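# Commentary on secondary and tertiary structure
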Amino acid sequence: MGMNCGIVGLPNVGKSTIFSALTSAPAEAANYPFCTIDPNVGLVNMPDKRLDKICEIIPPQKRIPAVVEFVDIAGLVAGASKGEGLGNQFLSHIRQVGVICHVVRCFEDANIIHVNNVVAPLSDIETINTELALADLDTVEKRLEKIPKMLRSPDKDMQKEAKLSEPLLGRLKEALSEAKPARSLEYTNDEALIIRDLHLLTMKKQIIVCNVDEAGLESDNEHVKAIKEACAAEGTLVVTICGQLEADIAALETQEEKDEFLAEAGLEESGLSKLIHAGYAALGLQTYFTAGTDENRAWTVPVGATAPEAAGVIHTDFQRGFIKAEVYHCEDLFEFKTEDAIRKAGKLRQEGKGYVVKDGDIMHFKFNV
Ligand SMILES: Nc1nc2c(ncn2[C@@H]2O[C@H](COP(=O)(O)OP(=O)(O)O)[C@@H](O)[C@H]2O)c(=O)[nH]1
Ligand SMILES: [Mg+2]
């Protein structure tokens, strides 16, 4: 599984419109047997022109792109952390996602009711983030209640954890009470382990998705400008998508028609592609490829992954029995066209356990099980 994105936002901002458009061309589920079957969950292929080019040069029987999972998470309204709307149901969904795509209404349309009757994206963002912070505050307070008992425990490890946790939880409680996200604090390595265990919603990376009208794609409207300014401080990525336009594109049948439509609208990239690439950047993910006559496939690994870790994404046996990797870069393939030519040019290398994978590497693993 590549990336997993949860779409959140106030009601009527365009979440379901964007979700259906993004997932209108679903990935072939057979390649991903462990995915949940749920109408609010959609698997889509990661758009990657490099994989297309690899397939032109090495025609495979099967082309398998990286896959991204989107979840349409409904029910987040003011008061949700206290059980309003769908209440706590949404929380368990958000806990499972890698990155939160926070959709904000930045289009004006008198026919579409805004829950607060006015298009005010900054306060909408605050409403949602406050709910997430309150849900985390609840988690932190519950953990704090356990501390006195842990301190009295005969188990030395538990005592140690309690001593380390107490000030950390205190700091978190203070920040979350002011609706500051947990990710805005700094942590030592030991603290980071405790934090990981808490599965806090405000530790997750967020991408702000501005749902704009078509004019808003050409140049940022005042709502988008205000959001970008506010997000710059925290380094949060902001992307603009026109839900309506994505829905129109999704209704087209072939990829050629879709590309033509995009070109006519003067757009280089679909909203899907923008969002996925922002998600990869936010999570520090990258792609490497395996290529051969059976299948050409894109795999997702964290930036900084070593060759055995990359092999482990295919199969844990590949990682355990890793001997070496044969590596060249997809740009070498585009330049030299054949593996032979790449080898003659000295671009095909044998790499060992310490090799750090680069985005766009084409890898072949030798292993022993
Ligand atoms: N004008 C306009 N309307 C939109 C856009 N995106 C969604 N809508 C409309 O807004 C309403 C709510 O959209 P929906 O996707 O159901 O919102 P959700 O509650 O966030 O899932 C629907 O009537 C959509 O057709 C957009 O980009 N422009
Ligand atoms: Mg919806």
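Everything that follows concerns the structure shown earlier in this document.
What comes next concerns the included structure. Every value quoted in this text rests on a predicted model; they were computed, and no experiment measured them. (Residues numbered from 1 in each chain as written. Chains lettered and ligands numbered in written order. Predicted model: local features only at pLDDT ≥ 70, side-chain atom pairs only at ≥ 80, totals over all residues. Heavy atoms only, no water.)

Let's shift gears to the overall build of the protein. Scanning the protein from terminus to terminus reveals 15 helices and 12 strands. Taking 2.2 N^0.38 as the reference for a compact globule, 369 residues should give roughly 21 Å; the C-alpha atoms of the protein span a radius of gyration of 23 Å, in line with that estimate. Reported as C-alpha extents along the three principal axes, the dimensions of the protein are approximately 65 × 65 × 35 Å. Looking at the protein residue by residue over its 369 residues, the buried ones come to 46%. Here the protein displays about 19000 Å² of accessible surface, and carbon together with sulfur accounts for 51% of that area. Put simply, the protein has 39 plus and 57 minus side-chain charges, and the middle of one group is 9 Å from the middle of the other. (Helix = DSSP H or I, 4+ residues; strand = E, 2+ residues; numbered from the N terminus. Rg over C-alpha atoms; globule rule 2.2 N^0.38 Å. Buried < 20%, exposed > 50% of the residue type's maximum accessible area, 1.4 Å probe, protein only. Areas by Shrake-Rupley, 256 points an atom, 1.4 Å probe, with all protein chains shown as cover. Lys, Arg positive; Asp, Glu negative; His and termini not counted. Charge placed at Lys NZ, Arg CZ, Asp CG, Glu CD.)

The subject of this paragraph is unusual backbone geometry. The phi dihedral of Ala179 falls on the positive side, at around 65°, and the residue is not glycine. Residue position: Ala179 is located in the loop between helix 5 (156-177) and helix 6 (189-198). Take Ala179: its relative accessible area is 30%, and that puts it in the partly exposed class. The phi dihedral of His199 is positive, around 50°, even though this residue is not glycine. Among the structural elements, His199 can be located in the loop between helix 6 and strand 6 (205-211).

The next thing to look at is the sheet that holds strand 7 (residues 237-241). With mixed pairing, six strands are arranged side by side in an open sheet as 2-4-1-5-6-7. Each end of this open sheet is capped by a strand with a single partner; those strands are strand 2 (41-45) and strand 7. Here the strands of the sheet are splayed against their neighbours by 25° on average, with no regard to which way each runs. Pairing between strand 1 (residues 3-8) and strand 4 (residues 67-72): five bridges, direction parallel. Across the sheet, residue Gly6 finds its bridge partner in strand 4, namely Val71. Relative to the sheet, helix 1 (residues 15-22) contacts strand 1, strand 2, strand 4, strand 5 (99-105), strand 6 and strand 7, its axis offset from that of strand 4 by approximately 155°. (Pairing = 2+ DSSP bridges. Axes fitted to C-alpha atoms, helices over the stretch in contact; angles between N-to-C directions. Contact = heavy atoms within 4.5 Å.)

On to the site of ligand 1, then. Near ligand 1 lie 15 residues; those nearest to it are Asn12, Lys15, Ser16, Thr17 and Asp109. At 2.7 Å, a backbone N or O of Asn12 approaches an oxygen atom of ligand 1. The side chain of Gln244 places a nitrogen or oxygen atom 3.1 Å from a nitrogen atom of ligand 1. Considered on its own, ligand 1 offers 580 Å² of accessible surface; in the complex 76% of this is hidden by protein. Of all the secondary-structure elements, those providing two or more residues to the shell around ligand 1 are helix 1 and helix 9 (243-250). Broken down by element, the shell around ligand 1 gets its largest block of residues, three residues, from helix 1. Class assignment for the residues of the shell around ligand 1 results in six nonpolar, seven polar and two charged. (Near = heavy atom within 4 Å. Polar contact = N/O pair within 3.5 Å; in protein donor to acceptor, adjacent residues only side chain to side chain. Nonpolar A, V, L, I, M, F, W, Y, C, P; charged D, E, K, R; others polar.)

Moving on to the side chain of Asp72. With respect to the secondary-structure elements, Asp72 resides in strand 4. Although Asp72 lies buried, it forms no salt bridge, and the closest oppositely charged side chain, Lys15, sits 5.7 Å away as judged by the N-O distance. Separated by 2.8 Å, the side chains of Asp72 and Ser16 make a polar contact. The contact partners of Asp72, leaving out residues within four places of it in the chain, are Ile7, Lys15, Ser16, Phe19 and Asn40. (Salt bridge = Lys/Arg side-chain N within 4 Å of Asp/Glu carboxyl O.)

The next thing to look at is the packing of helix 9 against helix 10 (residues 255-264). A packed helix pair is summarised by two numbers, namely the angle formed by the two axes and the spacing between the axes. Packing of helix 9 against helix 10 leaves a shortest axis separation of 9 Å and a crossing angle of 145°. Contacts between helix 9 and helix 10 pair Leu245, Asp248, Ile249 and Ala250 from the former with Lys258, Phe261 and Leu262 from the latter. Taken together, the residues that form the contact of helix 9 with helix 10 break down as five nonpolar, no polar and two charged.

Val68, Phe70, Ile94, Val209, Leu275 and Ile276 are the most contacted members of the largest nonpolar core, which has 55 residues in total. In terms of residue count, the dominant contributor to this core is helix 11 (residues 271-283) (six residues). (Core = buried A, V, L, I, M, F, W, Y, C linked by side-chain atoms within 4.5 Å.)

Turning our eyes to something else, we now look at the environment of Gly354. Inspection of the secondary structure puts Gly354 in the loop between strand 11 (349-351) and strand 12 (361-367). Linking Gly354 and Leu262, residues 92 residues apart in sequence, is a C-alpha distance of 42 Å.

With that out of the way, let us pick up the pairing of strand 7. Residues in a regular strand project their side chains so that they alternate between the two faces of the sheet. Counting buried residues along strand 7, four of its five residues qualify, which places the element largely inside the surrounding structure. When strand 6 meets strand 7, the two strands line up parallel, connected through five bridges. The residue of strand 7 that forms the bridge with Cys210 is Thr240.

Turning our eyes to something else, we now look at the packing of aromatic side chains. Under the defined criterion, the tally for this structure stands at three aromatic pairs. Three or more aromatic residues joined by ring pairs form one cluster here, namely Tyr288, Phe322 and Phe365. The residue whose ring lies beneath Lys53 is Phe334, and the NZ or CZ to ring-centre distance is 4.4 Å. (Phe/Tyr/Trp six-rings, centres within 6.5 Å; stacked < 30°, edge-to-face > 60°. Lys NZ or Arg CZ within 6 Å of the ring centre and 35° of its normal.)

Below, the discussion takes up the environment of Lys180. Position of Lys180 among the secondary structure elements: in the loop between helix 5 and helix 6. Judged by its relative accessible area of 40%, Lys180 is partly exposed. Each C-alpha atom, one on Lys180 and one on Leu134, is 9.9 Å from the other, the two residues being 46 residues apart in sequence. Within polar-contact distance, the side chain of Lys180 engages the side chain of Glu178 at 2.8 Å.

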